[in-house]
Amino acid sequence: MSQLSPAMAQWVRDAELAWNTRDCDALVLSNTIDCHWRNRVYFLWGREQIRTYVERQLRREIDHRVIFEPWAEGERRLSYRFAAEFRNDSGSWFRTYGSEELAFDEAGLVKRRFTAANEHAIQEHERVLRWAAGPRPGDHPPLSELGF
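Criteria and cut-off values
Residues numbered from 1 in each chain as written. Predicted model: local features only at pLDDT ≥ 70, side-chain atom pairs only at ≥ 80, totals over all residues. Heavy atoms only, no water. Core = buried A, V, L, I, M, F, W, Y, C linked by side-chain atoms within 4.5 Å. Buried < 20%, exposed > 50% of the residue type's maximum accessible area, 1.4 Å probe, protein only. Helix = DSSP H or I, 4+ residues; strand = E, 2+ residues; numbered from the N terminus. Pairing = 2+ DSSP bridges. Axes fitted to C-alpha atoms, helices over the stretch in contact; angles between N-to-C directions. Polar contact = N/O pair within 3.5 Å; in protein donor to acceptor, adjacent residues only side chain to side chain. Contact = heavy atoms within 4.5 Å. Expected span 1.5 Å × (residues − 1). Arc of directions from axis to C-beta. Phe/Tyr/Trp six-rings, centres within 6.5 Å; stacked < 30°, edge-to-face > 60°.

Visitor: How do you make sense of the nonpolar core when you look at a structure like this?
Guide: Note that soluble globular proteins tend to have their nonpolar side chains buried in a common cluster. W11, V54, F68 and L78 are the most contacted members of the largest nonpolar core, which has 28 residues in total. When contributions to this core are tallied by element, the ones reaching two or more residues are α1 (6–20), α2 (24–29), β1 (31–39), α3 (46–60), β3 (62–74), β4 (77–87), β5 (93–104) and β6 (110–122). For this core, the element with the most residues is α1, which contributes seven residues. In terms of nonpolar packing, the next biggest core, distinct from the first, is built from five residues, I67, A83, W131 and L143 among them.

Visitor: Is there a simple way to explain the sheet that holds β1 in this structure?
Guide: Hydrogen bonding along the main chain pairs the strands of a sheet, whether they run parallel or antiparallel. Strand order in the open sheet formed by six strands is β2-β1-β6-β5-β4-β3, and the pairing between neighbours is mixed. The strands lining the two open edges of the sheet, one partner per strand, are β2 (42–45) and β3. Taking the axes of each pair of neighbouring strands and ignoring which way they run, one obtains an average angle of 20° across the sheet. Note: β3 against β4, ten bridges, orientation antiparallel.

Visitor: Would you take a moment to explain the side chain of E85 for this structure?
Guide: Along the chain, E85 turns up in strand β4. Polar side-chain contacts of E85 include one of 3.1 Å to the backbone nitrogen of V128. Contact partners of E85, with chain neighbours within four places excluded, come to D63, H64, R65, F94, R95, I122, E126, R127, V128 and L129.

Visitor: What is the right way to look at α3 in this model?
Guide: Counting along an α-helix, one turn takes 3.6 residues, and residues three or four places apart therefore face a common direction. With 15 residues, α3 extends 21 Å from end C-alpha to end C-alpha; this agrees with the ideal 21 Å at 1.5 Å per step. Among the residues of α3, G46, I50, Y53, V54, Q57 and L58 are the ones counted as buried. On an axial view of α3, the arc spanned by its buried residues comes to 135°, and they lie on one face. Of the residues in α3, the exposed ones pointing more than 90 degrees away from the buried face are E48 and R59.

Visitor: It is not clear to me how the side chain of E61 should be interpreted in this structure. Could you clarify?
Guide: In this structure, E61 sits in the loop between α3 and β3. One polar contact links E61 to R60, side chain to side chain, over a distance of 3.2 Å. Among the polar contacts listed, one links the side chain of E61 to the side chain of H64, at a separation of 3.4 Å. With residues up to four places along the chain from it excluded, the contact list for E61 reads R22, F86 and R87.

Visitor: Got a minute to help me understand the packing of aromatic side chains in this structure?
Guide: What characterises a pair of aromatic rings is the spacing of the ring centres plus the angle enclosed by the ring planes. Using the criterion set out here, one finds eight aromatic pairs in the structure. Between W11 and Y80, the ring centres sit 6.0 Å apart and the planes meet at 45°, which makes this aromatic pair tilted. A residue pair is termed long-range when its members are at least 10 positions apart, and W11 in helix α1 and Y80 in strand β4 qualify at 69 residues. Each of the two residues, W11 as well as Y80, counts as buried. Look at F86 and F94: their rings are 5.6 Å apart centre to centre, the planes differ by 20°, and that puts the pair in the stacked class.

Visitor: I would appreciate a short explanation of the environment of E69 in the present structure.
Guide: Here E69 lies in strand β3. In this structure, the C-alpha to C-alpha distance between E69 and R51, residues 18 residues apart in sequence, is 24 Å. When near neighbours in sequence (up to four residues on either side) are disregarded, E69 contacts Y80, R81, P142, L143 and S144.

Visitor: I'm lost on the pairing of β4 in this one. Help?
Guide: For a regular strand, the rule is simple: side chains alternate between the two faces of the sheet. Counting buried positions along β4 yields nine of eleven residues, so the element is predominantly enclosed. If you look at the hairpin formed by β4 and β5, you'll find five residues sitting between the two strands, and G91 has a positive phi there, around 90°.

See below:
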C-alpha cells in the first residue's frame, strides 16, 4: 500500500493503542454521536450503543492484543486489516482476523464503521501477539511479517 496520509496514519496508531490499553473513552469518542457500526452480528447506532458494545468486549476479551495494518485510504475513508488474540473468563484463547472499513466526517470522527471478522479457538502456545499489557512494542512484527 502507498504511504498513508499523516492524519490516517495517526488514526490507525491511536485506534490500535486504544484497544491495547483498553481505553473505552478513546474508542467511543473517536466516533460521531450518530455513528453507525456494523460488527459481525451487531448493528449499533450512536455512541451509547457503541459504549455498551465496547464495554462488553473489554470485559469478554481478557488479555486482548491487536495489530492493525492499513489496507487502503480514500477521501475521508480508511480500510485496514487486523488480527487480535484474547482469552475468555474460562481461560480459552481465541484469535480474530478481520478487516474494517471506515468513513470519517469533516472533523475526523468516524461516522460509519463496518467490520468483517472471523474468530476461532487457539491453544495458548499458538499465540503470537505476545507483549505486556499496553501498547504494542515498536519492535513487534507487523501482520505482514507474521504471515497473517
